[in-house]
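Structural features, examined
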Number of protein chains: 2
Amino acid sequence: MAVPISAGKWQRLRSLTDEQGRFKMMAIDQRGSLRKALAKVTNKDPKDVAYDEMAQVKALITRHLAPYATAVLTDPEYGYPYSIQHLPPRVGLLLAYEETGYEKAGPTGKERKSKLLESWSVEKAQKAGADAVKLLMYYHPDASDEVKRHQQRIIREVGEECARFDMPFLLELVAYAIEEAGTDTPEYARRKPDLVIRSAAEFSKPEYRVDILKLEFPADLKYTAEFSKGAFDGKERPAVYSLAEVRGFCRQLDEAAGAPWVILSAGVDIEEFLIQVQLATEAGASGFLCGRAIWKDAVSLYPDTAKMEEWLCSQGAYNFVRANAYAERARPWFCHRKFGGPENIELAGRSPNWYVEYAPTA
Amino acid sequence: MAVPISAGKWQRLRSLTDEQGRFKMMAIDQRGSLRKALAKVTNKDPKDVAYDEMAQVKALITRHLAPYATAVLTDPEYGYPYSIQHLPPRVGLLLAYEETGYEKAGPTGKERKSKLLESWSVEKAQKAGADAVKLLMYYHPDASDEVKRHQQRIIREVGEECARFDMPFLLELVAYAIEEAGTDTPEYARRKPDLVIRSAAEFSKPEYRVDILKLEFPADLKYTAEFSKGAFDGKERPAVYSLAEVRGFCRQLDEAAGAPWVILSAGVDIEEFLIQVQLATEAGASGFLCGRAIWKDAVSLYPDTAKMEEWLCSQGAYNFVRANAYAERARPWFCHRKFGGPENIELAGRSPNWYVEYAPTA
């Protein structure tokens, strides 16, 4: 059974993976969270962190860690302009499309509305040579209809914009607490699998035209019986599920994901992330798109850039190499059931007249 | 000294090379010459070679040899639509922009005018995900002014079109005999260095906006004292220069080339091509873009596709691996004097406002 794929999507997705079709990607597109981390380590207010500091830290991390990545996700504001010379040959590029942060919304003011980065577009990303457009959307499947519709509309519009330019669309979904006292609570941990799985199911609908889903790990390992005694951060928490149950959530997530999916690190420590990668790829994830879990400890050494470089070259590189090793068993993206293997792939609209009919813009 | 490079050009050039910035690229965009070869082996008139035969042979060669290439050059007519599933992850893509062949022109009727492939464009190539646009132009620096102006105009226009879309522009220059009885003559061999070097100099002018030059080897090794006794094809020829002189031509070509350059194989046998790669890269070439020298013997096995595959997997792969080994000493493209090393590269228009000012189309 032949599965058609359009020229630009296929061509660019090929640039993001290793030779076997596995994503081992680094995220350095953080803006709000990086600003906060730099403010903390320099004892400043986040708004007083200078543009140059943001750009310099991104460039340093890109320079030392991009060589380990199959692709790098950065942002068009601080990251791309001052880091391009550190992107090595043959490493793919993803560019972020959302404005950092969110607007408080909904009846309780605890819901989140996103917006796109002004003065940026899929057309610009394509011209600049990006291999994919990344969109981070906060999403809670039990948020108010108004907030959900707002988020869905943006995603649908970016999906259409990407389709028009034949650009791969990577959608990142991040849930949040509405009723719970925070995300590090037993209540939220218990709820997380459902939030992550239902969100993945929603945006697997064809109308959103998502090519890769970037998903949270569908549980909180700190609340598993096996790791609840403080295995990762020394803090004891109640156990709300077992690792066997978490494996089940991962399988459910794979069933819900109608497109190849990768996991994000959301700033957990590297040891916890490695276990997430292992469990997710066992269940069918096609790799990871990881930022802070790999490099966050470098930021706490700022502004001592010599120490940062030393850390990045040693521990940072070691973190990345281990994450890559854990992703070796990931499912190649073209083996996701949407495609069923490279032997099924064929060019959409394939014909001797393809080059005539392929439209410059749709 | 900072050397500015635009986002789209840098980003895509990065996709064409190995990790060190060396081009080890395969050409399978032949149309006229492949049609002739298939006609010969099947005892047909070239015009009776079917579309499907062309597409099938291209797909077979792509499938077995693309994994050895850093990038593959194919054509939008026969090659791309039926070969995409055989392009492995992480292999770059170049698409041809010229119509195959040429129109006889000039006062003697022995000059050559080219034209672009109708219904194709840089915009389409970009949307389809190409990493570079390739244009083959026949060019003789002593052709009539009218023919030279015609060829120069096309090249200038494609250079502008590529600049507008921020796409890398690879220009292939092929000379031909006007006064001489053919290209396999001592007269043409003697003239060849001058033709190749002067053409490279012409299209190194900034007005043509060429990013990579794909050049002929600037001499005919069959007419060197060292190889004239039939070393490559058993046929003895007069010696018109020595290998030491040929080394000098290669150095002159490197001086004339104002942009990174690669050599083409023009259908010579693999043993001759390997020496060309060695001499050219010694002089500063950044690698090769090679077609027939690597795979032409497979075509003579057509229509026995099983035998073709056997040949491609063994001798074809061996040819490619050797060409890659010879290119290991090539100059990384960003070390060409135009750039002077990766440490000099910076984004054109780099500023905190880059993402606002970078125009979707220029």
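Residues numbered from 1 in each chain as written. Chains lettered and ligands numbered in written order. Predicted model: local features only at pLDDT ≥ 70, side-chain atom pairs only at ≥ 80, totals over all residues. Heavy atoms only, no water.

Things to note about the overall build of chain A
Assigned secondary structure in chain A consists of twelve helices and twelve strands. The C-alpha atoms of chain A give a radius of gyration of 20 Å, which matches the 21 Å a tight globule of 362 residues would have. Seen along its three principal axes, the alpha-carbon backbone of chain A occupies a region of about 65 × 45 × 40 Å. Summarising the internal contacts of chain A: among those between residues at least 6 apart in sequence, 72% fall at separations of at least 24. With the model as given, the accessible surface of chain A reaches about 13200 Å², and the carbon-plus-sulfur share is 49%. On chain A, the mean spot of the 49 positive side-chain charges and the mean spot of the 52 negative ones are 0 Å from each other. (Helix = DSSP H or I, 4+ residues; strand = E, 2+ residues; numbered from the N terminus. Rg over C-alpha atoms; globule rule 2.2 N^0.38 Å. Contact = heavy atoms within 4.5 Å. Areas by Shrake-Rupley, 256 points an atom, 1.4 Å probe, with all protein chains shown as cover. Lys, Arg positive; Asp, Glu negative; His and termini not counted. Charge placed at Lys NZ, Arg CZ, Asp CG, Glu CD.)

So, the interface of chain B and chain A
Between chain B and chain A, the contact holds 59 residues from the first and 59 residues from the second. Carbon and sulfur atoms supply 57% of the area that chain B and chain A bury against each other, a total of about 5100 Å² over both sides. A per-residue breakdown of the area chain B buries against chain A is headed by B:Arg90, B:Lys127 and B:Tyr355, which together make up 19% of the total. On the surface where chain B and chain A come into contact, there are zero salt bridges. Here chain B is connected to chain A by 31 residue pairs in polar contact (both at pLDDT 80 or more). Broken down by secondary-structure element, the contributors of at least two residues to the side of chain B that touches chain A are helix H1 (7-13), helix H4 (79-83), helix H5 (122-127), strand S12 (345-347) and helix H12 (354-357) of chain B. (Buried area = accessible area lost by both parts, 1.4 Å probe. Salt bridge = Lys/Arg side-chain N within 4 Å of Asp/Glu carboxyl O. Polar contact = N/O pair within 3.5 Å; in protein donor to acceptor, adjacent residues only side chain to side chain.)

Digging into the packing of helix H3 (residues 51-65) of chain A against helix H11 (residues 305-326) of chain A
Residues and elements named next belong to chain A. Contact geometry of H3 with H11 gives a least axis separation of 9 Å together with a crossing angle of 45°. Classified by the angle their axes make, H3 and H11 are oblique. When you trace H3 past H11, the crossing you get is right-handed. Here Gln56, Val57, Leu60, Ile61, Arg63, His64 and Leu65 of H3 lie close against H11, whose contacting residues are Thr305, Met308, Glu309, Leu312, Cys313, Gly316, Ala317 and Phe320. (Axes fitted to C-alpha atoms, helices over the stretch in contact; angles between N-to-C directions. Parallel < 35°, antiparallel > 145°, perpendicular 65-115°, else oblique. Left-handed = near helix turned anticlockwise from the far one by under 90°.)

Let's talk about the pattern of salt bridges
Applying the stated criterion to the full structure yields 68 salt bridges over all chains. With its nearest N and O atoms 2.7 Å apart, the salt bridge here joins A:Asp233 to A:Arg237. Judged by relative accessible area, which is 38%, A:Asp233 ranks as partly exposed. Residue class for A:Arg237 comes out buried when judged on its relative accessible area of 7%. Between B:Glu146 and B:Lys113 there is a salt bridge whose closest N-O contact spans 2.6 Å. Of this pair, B:Glu146 sits in helix H6 (residues 145-164) while B:Lys113 is found in strand S6 (residues 111-113), placing the two residues 33 residues apart along the sequence. Under the relative-accessibility criterion, B:Glu146 is labelled partly exposed at 43%. What makes B:Lys113 buried here is its relative accessible area of 14%. (Buried < 20%, exposed > 50% of the residue type's maximum accessible area, 1.4 Å probe, protein only.)

A look at the relation of the copies chain B and chain A
With an RMSD of 0.0 Å, chain B superimposes on chain A once it is rotated by 180° and translated 0.0 Å along the axis. These values place the two chain copies in the arrangement generated by a two-fold rotation axis. Among all residues of chain B, the minimum C-alpha distance to the rotation axis is found for B:Arg90, at 3.4 Å. Interface overlap between copies is the fraction of interface residues in one copy that are interface residues in the other; for chain B against chain A it reaches 100%, indicating a shared surface. (Least-squares fit on C-alpha atoms with pLDDT ≥ 70 in both.)

Considerations on helix H10 (residues 292-299) of chain B
Within the span of H10(B), buried status applies to B:Ala293, B:Ile294, B:Trp295, B:Ala298 and B:Val299. Turning to H10(B), the residues buried within the fold contact strand S2 (23-27), helix H2 (32-41), helix H3 (51-65), helix H9 (270-283), strand S11 (287-290) and helix H11 (305-326) of chain B.

Remarks on unusual backbone geometry
Residue and element names in this part refer to chain A. Of note, the bond from Tyr302 into Pro303 is cis; its omega dihedral lies within 30 degrees of zero at 5°. Along the chain, the position of Pro303 falls in the loop between helix H10 (292-299) and H11. Positioned with a positive phi, Asn43 is a non-glycine residue whose angle comes to about 50°. Its location among the elements puts Asn43 in the loop between helix H2 (32-41) and H3. Given a relative accessible area of 73%, Asn43 falls into the exposed group.

Notes on the packing of aromatic side chains
Inspection of every chain in the model, using the stated rule, returns 32 aromatic pairs over all chains. Taken together, the ring pairs in this structure connect A:Trp10, A:Trp333, A:Phe334 and A:Phe339 into an aromatic cluster. The ring of A:Tyr138 has A:Arg112 lying over it, and the distance from NZ or CZ to the ring centre is 4.8 Å. A cation sits over an aromatic face here: A:Lys127 above B:Tyr358, 4.9 Å from the ring centre. (Phe/Tyr/Trp six-rings, centres within 6.5 Å; stacked < 30°, edge-to-face > 60°. Lys NZ or Arg CZ within 6 Å of the ring centre and 35° of its normal.)

Observations regarding the pairing of strand S4 (residues 92-96) of chain A
Residue and element names in this part refer to chain A. Within S4, five of the five residues are buried, leaving the element largely enclosed by the surrounding structure. Alternating positions in S4 separate into two faces, Gly92, Leu94 and Ala96 on one and Leu93 and Leu95 on the other, with burial throughout. Sheet topology note: the strand S3 (residues 71-74)/S4 ladder contains four bridges and is parallel. Pairing of Val72 across the sheet is with Leu93, part of S4. Here S4 runs beside strand S7 (residues 132-138); their pairing, made up of three bridges, is parallel. Its bridge partner being in S7, Leu95 is matched across the sheet by Val133. (Pairing = 2+ DSSP bridges.)

What to know about the confidence of the model for chain A
Counting all residues, the mean pLDDT for chain A is 97, and 100% of those residues have values of 70 or more. Overall fold confidence (pTM) sits at 0.97, and the ipTM for the predicted complex is 0.95. (pLDDT = per-residue confidence, 0-100.)

Overview of the environment of B:Asp29
Residue and element names in this part refer to chain B. Tracing the sequence through the fold places Asp29 in the loop between S2 and H2. When the C-alpha positions of Asp29 and Lys58 are compared, they lie 8.2 Å apart, and in sequence the two are 29 residues distant. Excluding residues that lie within four positions of it along the chain, Asp29 makes contacts with Lys58, Leu73, Thr74, Asp75, Ala96, Glu98 and Lys134.

Some words on the pairing of strand S7 (residues 132-138) of chain B
Residues and elements named next belong to chain B. Among the seven residues of S7, seven are classified as buried, and the element is accordingly described as predominantly covered. Burial of S7 is two-sided: the residues Ala132, Lys134, Leu136 and Tyr138 facing one way and the residues Val133, Leu135 and Met137 facing the other way are all buried. Judged from the six bridges that link them, S7 and strand S8 (residues 169-174) form a sheet pairing that is parallel. Note that in S8 the partner of Val133 across the bridge is Phe169.

A short note on the packing of helix H7 (residues 186-202) of chain A against helix H8 (residues 243-256) of chain A
Residues and elements named next belong to chain A. Contact geometry of H7 with H8 gives a least axis separation of 8 Å together with a crossing angle of 15°. The angle between H7 and H8 falls in the class roughly parallel. Crossing of H7 against H8: the hand is right-handed. Touching Pro193, Val196, Ile197, Ala200 and Ala201 of H7 are Phe249, Gln252, Leu253 and Ala256, all from H8. Along the lines of polarity and charge, the residues of the contact of H7 with H8 split into eight nonpolar, one polar and no charged. (Nonpolar A, V, L, I, M, F, W, Y, C, P; charged D, E, K, R; others polar.)

What about helix H7 (residues 186-202) of chain B?
Helix length check: H7(B), at 17 residues, gives a terminal C-alpha distance of 25 Å against a target of 24 Å (1.5 Å per residue), a fit within 8%. Most pronounced at B:Lys192, the bend in H7(B) amounts to some 40°, and the proline B:Pro193 follows within four residues. (Expected span 1.5 Å × (residues − 1). Bend = angle between axes of the 7 residues up to and from the residue.)

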